[in-house]
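Architecture at a glance
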Amino acid sequence: METTWSSATLGGSLTPPSFHRHISPSGEKLRQLLKSKVSESLTKRPSFALLASSKSTTNLKNGVVTEDNIDSELDQESNKSLSLKDYFKQSEHLFRLDGGPPRWFSPLECASQLDNSPLLLSLPAIDGLGLILTLHFHRLGKIFNIWCLHIPIDDRTPFPELVKLVVGTIRSEHYHSPKRPIYLVAESFGGCLALSVASCCPDIDLILILANPATSFPKSQLQPLIPLLGSMPDISRAGVPYMLSFLADIPSKMVMGTLDKRLPVQQTIEEITDASAAFSSYLSVMSDVLSTESLLWKLKMVKSASAYANSRLHAVKCETLVLSSGRDQMLPSVEEGERLRKILPKCKVRTFNDSGHAFFLEHAHDLVSIIIGTSFYRRGAYHNYASDYIPPSPSEFRKIYESMSWLENVTSPVVLSTLESREIVRGLAGIPKEGPVLYVGNHMMLGLELAPLVTRFMVERDILLRGIAHPLMFTKLKKGNLPDVSSFDFIRVMGAVPVSATNFYRLFSINSHILLYPGGVREALHRKGEEYKLFWPEQSEFIRMAARFGAKIIPFGAVGEDDIFQLVLDYNDQAKIPFLKSFYEELSKEAVKLRSDSVGEVTNQEQHMPVLLPKLPGRFYYLFGKPIETAGRKQELKSREKSHELYLEVQSEVQRCLAYLKDKRKYDPYRNIVQRLVYQARHGSESEVPTFES
């Protein structure tokens, strides 16, 4: 990939020809951005170098794919994103041109597209290059204004001075945008720098995202290198960059990243060969420019940074996300993540068991999805689940889709919808494209209907369903035996929000397609003989809110759980065993209680795990009824009586959908998986299996 540099230094000038050749069609916006950076530098704000790539882009897309264009979208995403090969080439370029004091640069791939995007300061690892987020520039640049700190190889700025430099930048930017948070994203050595900076800025809204922070350096395998380097001859010292790269597991991740693209064999071989050549050139240049003095300085800098940061952890009060690699061969990162979780008051940890030290250089991770999945992205003082949400990229959706595809393959869902004429058709043709739309239906056991439903809407209609979810997927009242909140990160990536009137309002206000299950936990964990029974509150909870925004309400039913397993032990059975009853009572105390002021069965939300016996798989069936209009009925539905009438109508429609499906599936010749497999063996594995006549 071709790379050029344009610079904007204090009182400096531009190089328009170079800039024009390597920007995307929306270059005017980038030119204005560049001019603004020069203007800012004249008011003593940080100087910049801007990195441009021939693949840079500024187009913001929804990140939602359809069946016909999934491969095209993935190809486009791959073409726009930078790779390890680009990282090696850009690093080599920086090494050759290096010199001067520490400074900030902003990659042209990171021209922010969202209004009021927060500032993200990327702090470098031990190499000082500032390119650790290269693989993530394309997506991060859509939602952040990114500045990267570069520390030249031969720079000898003491660690406390680096802290002052970053603190000065933060205070200056906070002065210009006091209502927006500032993100510090860092890896290894940069993690120590970020924590030290945060301890100096308790009055500023900072958010830290730290991958394998080097606060654990006293336990690192790199410690013996410090005395060893002092006595090492130059010929032996040249091998240190190679050793560090292999300890960081970069070569294997480079190969795996290429294989994950699923390219043709010839193209895969070519990409691996090109990346290997770039990697070798990068290491060769690093060996040439790194003196023994520089290596020693950097290792001693990490040691002092670790001590500095650890002595000030008590003063860090900001939100912190620690990303720990299970196969980090340089630092005990998993152990360190747990230590930081106990010390820092607002710290979350995510552990990645198969990752190595250079976390941000691994293709397996999408940093934007991690940030969204942990609810760490916000543009104001508080997180807004509606407006701060960013849809998954095509590759991220593919990963989630493939992890759930076994259920779709086993159950071969039949999805039906109702047209305006009341004709029932196969597929989602009866679903309106424009929101706001509220889908109201029934839960099957454990909510198994959710994955095929949500993915089908994205694939067939390019519609993202924003699920209203139980708060236990977002927070726990105390540590215990419920699944860790991290288990539900993928649900948040797919747009789920915790149930609340505020979140309802926000989703309606941005014309969302909202998925609601009034029966909640009680329906998803029902007892024997309660399949397809609705456990709705006695009073309406959503009608007047939908009417306020003129939303369409679509009732739907889903059946099939009784064809894939048998409920052997429900809550009532298990509660007869004393120790299990006590265990489940404690379990329920870990989750937020909903509808505590309601009456009836819907309030029985005991958290437990039913015992299920698998069956030879049958089939899932979904029916979406005709949309119920609320537009123009806002005043009418303010009446409790009228809104309750509509509530009962919706409930009746859901029951009608369930009755229709339970009756019609009897006439499906492919209800059993054996018949479906025989059909696909004859007609091809990708063929759609027929069903009953609707």
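Before reading on, note that the structure itself is shown above.
On a predicted model such as this, the values are computed, not experimentally measured, just so you know.

Remarks on helix H24 (residues 640-664)
- The end-to-end C-alpha separation of H24 is 36 Å, in line with the 36 Å expected for 25 residues at 1.5 Å each.
- What H24 keeps buried is the set Ser-643, Leu-646, Tyr-647, Val-650, Gln-651, Glu-653, Val-654, Cys-657, Leu-658, Tyr-660 and Leu-661.

A short note on the packing of helix H6 (residues 159-176) against helix H7 (residues 189-200)
- Remark: H6 packs on H7, axes separated minimally by 9 Å, with the N-to-C direction vectors making an angle of 60 degrees. The angle between the axes of H6 and H7 places the two elements in the oblique class. Judged by the twist between their axes, the crossing of H6 over H7 is right-handed. Only Phe-189, Cys-192, Leu-193, Ser-196, Val-197 and Cys-200 of H7 make contact with H6, whose side of the interface consists of Phe-159, Leu-162, Val-163, Val-166, Val-167, Ile-170 and Arg-171.
- Taken together, the residues of the contact of H6 with H7 break down into 11 nonpolar, 1 polar and 1 charged.

Concerning the sheet that holds strand E13 (residues 465-469)
- Strands sit in the order E11-E10-E19-E16-E12-E15-E13-E14 across an open sheet of 8 strands; the sheet is mixed. Looking at which strands have only one partner, the edges of the open sheet turn out to be strand E11 (424-426) and strand E14 (497-498).
- One ladder, built from 4 bridges, connects strand E16 (residues 552-559) with strand E19 (residues 621-624); its direction is antiparallel. The residue bridging Ala-558 from the neighbouring strand is Tyr-622, located in E19.
- With respect to the sheet, helix H17 (residues 450-461) is in contact with strand E10 (414-418), strand E12 (437-440), E13, strand E15 (513-516), E16 and E19, its orientation differing from that of E19 by roughly 55 degrees.
- Against the sheet, helix H19 (residues 501-509) engages E12, E13, E14 and E15, with an angle of about 150 degrees to E15.

Focus on unusual backbone geometry
- Pro-436 follows Gly-435 through a cis peptide bond whose omega is 5 degrees.
- As for its position among the elements, Pro-436 is in the loop between E11 and E12.
- Even without being glycine, Ser-188 reaches a positive phi, approximately 60 degrees.
- Looking at the secondary structure, you find Ser-188 in the loop between strand E6 (182-187) and H7.

Here we look at a nonpolar patch on the surface
- Together, Val-568, Leu-569, Val-611 and Leu-613 give the surface a local cluster of nonpolar side chains, amounting to about 280 Å² of exposed area.
- Counting through the fold element by element, Val-611 comes out in strand E18 (residues 611-614).
- A residue is classified by how much of its surface remains accessible, and Val-611, at 35% relative accessible area, is partly exposed.

Looking at the environment of Thr-320
- By the secondary structure assignment, Thr-320 is in strand E8 (residues 319-325).
- Judged by its relative accessible area of 0%, Thr-320 is buried.
- Apart from the residues lying within four places of it in its own chain, the contact partners of Thr-320 are Leu-208, Leu-210, Leu-344, Lys-346, Cys-347, Lys-348 and Phe-376.

Let's talk about the sheet that holds strand E9 (residues 347-352)
- Here we have 7 strands laid out as an open sheet, ordered E3-E5-E4-E6-E7-E8-E9, and mixed in their pairing. Among the strands making up the open sheet, the edge pair consists of strand E3 (103-105) and E9. Averaged over all neighbouring strand pairs, the angle between strand axes comes to 20 degrees, with direction disregarded.
- Sheet topology note: the E6/strand E7 (residues 206-211) ladder contains 6 bridges and is parallel. Its bridge partner being in E7, Ala-186 is matched across the sheet by Leu-210.
- Sitting on the sheet, H6 is in contact with E3, strand E4 (119-123), strand E5 (145-150), E6 and E7, with an inclination near 175 degrees to E4.

Observations concerning the packing of aromatic side chains
- Evaluated as defined, the whole model comprises 23 aromatic pairs.
- A centroid spacing of 6.0 Å and a plane angle of 80 degrees characterise the contact between Tyr-517 and Phe-556, whose relative ring orientation is edge-to-face. Taken together, the positions of Tyr-517 in the loop between E15 and helix H20 (520-524) and Phe-556 in strand E16 put the pair 39 residues apart, joining distant regions of the chain. Per residue, the accessibility class of Tyr-517 equals that of Phe-556, and both read buried.

Side note on the nonpolar core
- Grouped together as the largest cluster of nonpolar side chains are 113 residues, with contacts concentrated most on Leu-323, Tyr-439, Phe-542 and Phe-624.
- Here the element with the most residues in this core is H24; it accounts for 8 residues.
- What Tyr-439 contacts, discounting residues up to four positions off in sequence, is Ile-431, Pro-432, Phe-457, Leu-465, His-513, Ile-514, Leu-515, Leu-516, Ile-554, Phe-556 and Phe-624.
- Counting 45 residues, the second-largest nonpolar core is a separate cluster that includes Ile-151, Phe-189, Cys-318 and Cys-347.

What to know about the side chain of Glu-362
- Mapped onto the secondary structure, Glu-362 falls in the loop between E9 and helix H15 (367-373).
- According to the relative accessible area criterion, Glu-362 is buried, its value standing at 3%.
- Within the structure, the side chain of Glu-362 is placed 3.2 Å from the side chain of Ser-355, a separation counted as a polar contact.
- At 2.7 Å, the side chain of Glu-362 and the backbone nitrogen of Gly-356 are in polar contact.

Rules and cut-offs
- Residues numbered from 1 in each chain as written.
- Predicted model: local features only at pLDDT ≥ 70, side-chain atom pairs only at ≥ 80, totals over all residues.
- Heavy atoms only, no water.
- Helix = DSSP H or I, 4+ residues; strand = E, 2+ residues; numbered from the N terminus.
- Expected span 1.5 Å × (residues − 1).
- Buried < 20%, exposed > 50% of the residue type's maximum accessible area, 1.4 Å probe, protein only.
- Axes fitted to C-alpha atoms, helices over the stretch in contact; angles between N-to-C directions.
- Parallel < 35°, antiparallel > 145°, perpendicular 65-115°, else oblique.
- Left-handed = near helix turned anticlockwise from the far one by under 90°.
- Contact = heavy atoms within 4.5 Å.
- Nonpolar A, V, L, I, M, F, W, Y, C, P; charged D, E, K, R; others polar.
- Pairing = 2+ DSSP bridges.
- Patch = residues over 30% accessible without salt bridge, like charges linked within 9 Å, V, L, I, M, F, W, Y side chains within 5 Å.
- Areas by Shrake-Rupley, 256 points an atom, 1.4 Å probe, with all protein chains shown as cover.
- Salt bridge = Lys/Arg side-chain N within 4 Å of Asp/Glu carboxyl O.
- Phe/Tyr/Trp six-rings, centres within 6.5 Å; stacked < 30°, edge-to-face > 60°.
- Core = buried A, V, L, I, M, F, W, Y, C linked by side-chain atoms within 4.5 Å.
- Polar contact = N/O pair within 3.5 Å; in protein donor to acceptor, adjacent residues only side chain to side chain.

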